[in-house]
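Understanding the architecture of this molecule
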Amino acid sequence: MDEDFTCSRRALTASALLLGLAPSAALAASPLFRPDAQNSEEINKLRQTLLAAVDDTPAEPAAGGQTPPDEAKQAVVTAQNTRESQAATQIGSARDLFENAGQTPALSAGEVVFARREQLSWEVADPSAQDHHVTTASGLKLYVLPSGGKHDPRAWNVTDATSYQAMLDKVPAGSCIHNPAEWTIDLTDGLVIGKRLQLEGSGLLRFVAGIERKAAIRITADGTEIRGLRMTNPDKLQSATGGRSYGIEIQANEVLIEGNFIEYFQNAIAVRSNGEFYSTRIIGNRCKDCLGAGKEDRGDGIVTWGAQATIVGNIVNLAEGHDGRVGIHAESLRKYEKTSAPHNDAMITVTGNVIWGQFRRGIVNEGCTGFVASGNVVADATWWAFAIILSRASQVSNNTVIWSRTEADTQGGSWRPQRGPFMLYGSQVGTTISDNSVYLLAGSTARAGICVQGARHWRSLIAKATNNSFVAADTTATMQSGVLLIGGGERVILSGNIFRAPLRTGIHVASPCRVTATDNHLVNMDKIPGSIGILCNRGEPGDYQGNTVDGFSKGIEYSEMPGGSIEGNRILNCDIGIDLDGSTDTTVTGNRFRQTDARIVKAERSEPLVSGNEGQLSVWSGSIPEFSLADAQCHTFTTELAGAAFGDEVTVRYRAGLNGLQMTAEVSAPGTVTVTWCNRTGVAASQPEAVATIELRKVGSYM
């Protein structure tokens, strides 16, 4: 059936009902019922639909046993609702009905009452009815008629938490409840949604009592949706012990929480752990001024203890002066799970959210598998902006961190956290931290930009940090380490990261862990005495290749290590380039040095593998004056050669030829080389002025 025909049918159906005409009068003018009308299958089906709508008798099945099209049914319903409102007994407002029922006309069962101000409708119930929805002050029983397909709390005479809960309990499953924009209500208890409903509208729900240790709204029905709601806890009710206070608490599957304004709650939105509740969508909400309790068991902006959760586009902040736990939190709590979901404790996406305020942690994955945090902005965290804890297959990428924590911010100090933008804690399997940008504000301080911390029997297995950028505003911001590895691990890969800040260490491997660090840029903005670009002095050998280390007291310290490699690094503006104290069988090759006083030191135990480094070969070129020697006499020539040390190999290329003389060369003092000619020919000899080249090759430990 074409679109024009469908629209004509809908309009004709509505017109007949609105006019309230009998079938013969209402339809006589229609071409469909003229004697010469075409008797097609579609035409006959439409005739039956129209007659059924007007006469209120069932329509005969169309050809093939099909029911009338959905659009025809909707047209009938719309027209009937319009007719009822026009035929209803009209009153000024819902208040007139509920509080002044004696002033309204006498009403009988089945009659419809319409409130002009709110555009609300009711059907009068039989006085003996037990299934009625509401009762007026005079005892009139009413059924609430949805307005535009939605239930308005004013039609249900909602004035407090008890009457709001009664509405939630009585509306049919699948109904939509709309809180009108101009409406505000004070609630002294929490609400429970126990059937599948839609709750929406910008009317303000003020929870003023009864929620210190429980939820303002608790959802226990699958498929429930809350959209565009405004709710507040104006007196900031919460408790630091016992039950937790929630804005919206979810104990159901397939729930949507979208576009809501949620203000002053200890935990704004939470998917509880007594499931495993799955497929939650938390989208575009404003969780304003969340409350912290200074505890590690409450105080989250958004938290899911379920699975398959999508948390996208929310704005979450902590109230000023509060100590909150986590901005957005995904956690596995298996000991509380009562049911099973597809992929328990897994598949969580946290994308495009904005979080600020002094939460201890901005975004956390604790124990979940398959976690993605991407495109988020986090500011003001006092422990970690992002934390991945005991997880598998987590990816944290393309996020931005504004780091503002100062030495005065000691929230949760008894836990002794290693504070910084990124924490990988405990066992990590396949964790990737990539393409994130961190800006350290002036005066801020961090223990490490990225901390990989094992704990007890948990070791970081495989983790990777690539192409991240950490930049300080100025030299008043400090970051003790760019990367800190403590507590043990198996394999950590660091590649393409940039650290530009006042640093004590750029990369610090402080526990047994096989590290591969390539193409990182470590730039110390403030050459702190004793600072080290790459410090590896524990455990397993590592590979450090192609890194740029600039502005440290010592470029690389690789001590007491068996094997590994230090290759192709650029070391600039350092007092000492590479320190190999006690390391054995370490390959050191192809490294370059600029404005570095001591290039490679303490290399004795790795001597055979130290080769091809820039500065390893020192050269002097110049003219040696003429001299004469009697038989059995010697002549010496001494020159300064930077870096020369006892034990270095010295070779001389002397263009005048020796003419039977014997020539030797040695380091005669630190930084000094002496060349000696001795005449053993039996006759006097003389040498003209000649050009010579003195080469100093470092062997073992050298400066």
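Here the structure is a predicted model, which means the values were calculated and not measured.

**Comments concerning the overall build of the chain**
- Helix and strand counts for the chain come out as 6 helices and 60 strands.
- Sequence separation of 24 or more characterises 63% of the internal contacts of the chain that already satisfy a separation of 6 or more.
- Just so you have it, the chain exposes about 29,200 Å², and 48% of that area is on carbon and sulfur atoms.

**Some remarks on a negative patch on the surface**
- On the surface, Glu-560, Asp-581, Glu-604, Glu-607 and Glu-649 cluster together to form a negatively charged patch.
- Topologically, Glu-649 is positioned in strand E56 (residues 649-654).
- Taking the relative accessible area as the measure of exposure, Glu-649 reaches 46% and is therefore partly exposed.

**Digging into the sheet that holds strand E57 (residues 662-669)**
- Here we have 3 strands laid out as an open sheet, ordered E55-E58-E57, and antiparallel in their pairing. Lying at the two open borders of the sheet, with one neighbouring strand each, are strand E55 (634-640) and E57. Strand-to-strand, the axes of this sheet are offset by a mean angle of 20 degrees, without reference to chain direction.

**Considerations on the pattern of salt bridges**
- Evaluation of the coordinates by the stated rule reveals 21 salt bridges.
- Between Asp-186 and Arg-206 there is a salt bridge, with its nearest N and O atoms 2.5 Å apart. Residue Asp-186 is located in strand E7 (residues 184-187), and its partner Arg-206 is located in strand E10 (residues 204-207); the two are separated by 20 residues in the primary sequence.
- Of the residues examined, Asp-186 reaches a relative accessible area of 39% and is grouped as partly exposed.
- Where Arg-227 meets Glu-258, a salt bridge forms, and the shortest distance between an N and an O atom there is 3.0 Å. Of the two residues, Arg-227 is situated in strand E12 (residues 225-227) and Glu-258 in strand E15 (residues 256-258); the sequence distance between them amounts to 31 residues.
- Residue Glu-258 is classed as partly exposed on the basis of its relative accessible area, which comes to 28%.
- In the salt-bridge network here, residues are joined through shared partners; they are Glu-296, Asp-323, Arg-360 and Arg-361.

**Concerning the environment of Arg-286**
- Looking at the secondary structure, you find Arg-286 in strand E19 (residues 286-290).
- Along the primary structure Arg-286 and Asn-314 are separated by 28 residues, whereas in three dimensions their C-alpha atoms are 5.9 Å apart.
- When residues no more than four places from it in sequence are discounted, the contact partners of Arg-286 are Asn-260, Phe-261, Ile-262, Ile-315, Val-316, Asn-317 and Trp-356.

**Some words on the state of the cysteines**
- Counted under the stated rule, the structure contains 1 disulfide.
- Linked covalently through their sulfurs, Cys-634 and Cys-678 form a disulfide whose S-S length is 2.0 Å. For the disulfide bridge between Cys-634 and Cys-678, the dihedral angle about the S-S bond is near 110 degrees, and by the sign convention the bridge is right-handed. Of this pair, Cys-634 sits in strand E55 while Cys-678 sits in strand E58 (residues 672-678); the two residues are 44 residues apart in sequence, bridging distant segments of the chain.

**Topic: the sheet that holds strand E4 (residues 134-135)**
- Taken together, 5 strands build an open sheet; the order of strands is E1-E2-E3-E5-E4 and the sheet is mixed. Each having just a single partner strand, strand E1 (89-91) and E4 make up the two edges of the open sheet.
- When E1 meets strand E2 (residues 112-115), the two strands line up parallel, connected through 3 bridges. Residue Thr-89 lies in a different strand from E2, and its bridge partner there is Val-113.

**A closer look at unusual backbone geometry**
- With a phi close to 60 degrees, Gln-119 is a non-glycine residue in the positive phi region.
- Structurally, Gln-119 can be placed in the loop between E2 and strand E3 (120-124).
- Judged by relative accessible area, which is 44%, Gln-119 ranks as partly exposed.
- Its identity is not glycine, yet Ala-632 carries a phi of approximately 70 degrees, on the positive side.
- One can find Ala-632 in the loop between strand E54 (627-629) and E55.

**Re the packing of aromatic side chains**
- For the coordinates displayed, the defined rule picks out 11 aromatic pairs.
- Directly above the aromatic system of Phe-261 lies the positively charged group of Arg-230, at a separation of 5.9 Å from the ring centroid.
- A cation sits over an aromatic face here: Lys-236 above Tyr-264, 4.9 Å from the ring centre.

**Comments concerning the pairing of strand E17 (residues 267-271)**
- Counting buried positions over the 5 residues of E17 gives 5, a clear majority of the element.
- Pairing analysis gives 4 bridges linking strand E14 (residues 246-250) to E17, with the strands arranged parallel. What sits directly across from Tyr-246, in E17, is Asn-267.
- Judged from the 3 bridges that link them, E17 and strand E20 (residues 300-304) form a sheet pairing that is parallel. Bridged to Ile-269 within E20 is Ile-302.

**Quick word on helix H6 (residues 161-170)**
- For H6, the complete set of buried residues consists of Ala-161, Ser-163, Tyr-164, Gln-165, Met-167 and Leu-168.
- On the buried face of H6, the contacting elements are strand E6 (176-178), E7, strand E8 (191-193), strand E9 (198-200) and E10.
- Between the side-chain oxygen of the N-cap and the backbone nitrogen of Thr-162 there are 3.2 Å, and the N-cap of H6 in question is Asp-160.

**A closer look at a nonpolar patch on the surface**
- Together, Ile-315, Val-354, Trp-356, Val-377, Ile-402, Tyr-439 and Leu-441 make up a nonpolar patch on the protein surface, roughly 500 Å² of accessible area in all.
- Relative to the assigned elements, Ile-402 resides in strand E30 (residues 400-403).

**Some remarks on the pairing of strand E39 (residues 503-509)**
- When you tally the buried positions in E39, you get 6 out of 7 residues, the bulk of the element.
- Bridge count between strand E36 (residues 478-486) and E39: 5 bridges; the pairing is parallel. When the sheet's bridge partners are listed, Met-479 is paired in E39 with Leu-503.
- The pairing of E39 with strand E42 (residues 532-536) spans 4 bridges and is classified as parallel. Looking at E42, one finds that His-508 is bridged to Leu-535.

**Remarks on the side chain of Ser-583**
- Secondary-structure assignment places Ser-583 in the loop between strand E48 (576-579) and strand E49 (587-589).
- Engagement of the side chain of Ser-583 in a polar contact is seen with the backbone oxygen of Tyr-558, the distance being 2.6 Å.
- Non-local contacts of Ser-583, meaning those with residues more than four positions away in its chain, are made with Tyr-558, Ser-559, Glu-560, Met-561, Arg-605 and Ser-606.

**Describing the nonpolar core**
- In this structure, Trp-122, Tyr-164, Leu-205, Phe-207, Ile-217, Ile-219 and Met-231 are the most contacted members of the largest nonpolar core, which totals 122 residues.
- With sequence-adjacent residues up to four places away left out, Phe-207 is seen in contact with Leu-187, Asp-189, Gly-190, Leu-191, Ala-216, Ile-217, Met-231, Thr-232, Asn-233, Pro-234, Leu-237 and Phe-265.
- Counting 20 residues, the second largest nonpolar core, distinct from the first, contains Val-650, Tyr-654, Val-673 and Ala-685.

**Thoughts on the environment of Lys-295**
- When you line up the elements, Lys-295 lands in the loop between E19 and E20.
- Lys-295 sits in the partly exposed class, given a relative accessible area of 30%.
- Separated by 54 residues in the primary sequence, Lys-295 and Thr-241 place their C-alpha atoms 9.1 Å from one another.
- Look past the residues within four positions of Lys-295 in its chain and what remains in contact with it is Ala-240, Thr-241, Arg-325 and Arg-360.

**Examining the confidence of the model for the chain**
- For the chain, per-residue confidence averages 86 on the pLDDT scale, and residues scoring 70 or more make up 84% of the total.
- Contacts from residues 1-38, a stretch scored under 50 in pLDDT, to residues over four places away or in other chains number 56 contacts.

Definitions and limits used
- Residues numbered from 1 in each chain as written.
- Predicted model: local features only at pLDDT ≥ 70, side-chain atom pairs only at ≥ 80, totals over all residues.
- Heavy atoms only, no water.
- Helix = DSSP H or I, 4+ residues; strand = E, 2+ residues; numbered from the N terminus.
- Contact = heavy atoms within 4.5 Å.
- Areas by Shrake-Rupley, 256 points an atom, 1.4 Å probe, with all protein chains shown as cover.
- Patch = residues over 30% accessible without salt bridge, like charges linked within 9 Å, V, L, I, M, F, W, Y side chains within 5 Å.
- Salt bridge = Lys/Arg side-chain N within 4 Å of Asp/Glu carboxyl O.
- Lys, Arg positive; Asp, Glu negative; His and termini not counted.
- Charge placed at Lys NZ, Arg CZ, Asp CG, Glu CD.
- Buried < 20%, exposed > 50% of the residue type's maximum accessible area, 1.4 Å probe, protein only.
- Pairing = 2+ DSSP bridges.
- Axes fitted to C-alpha atoms, helices over the stretch in contact; angles between N-to-C directions.
- Disulfide = S-S within 2.5 Å.
- Phe/Tyr/Trp six-rings, centres within 6.5 Å; stacked < 30°, edge-to-face > 60°.
- Lys NZ or Arg CZ within 6 Å of the ring centre and 35° of its normal.
- Polar contact = N/O pair within 3.5 Å; in protein donor to acceptor, adjacent residues only side chain to side chain.
- Core = buried A, V, L, I, M, F, W, Y, C linked by side-chain atoms within 4.5 Å.
- pLDDT = per-residue confidence, 0-100.

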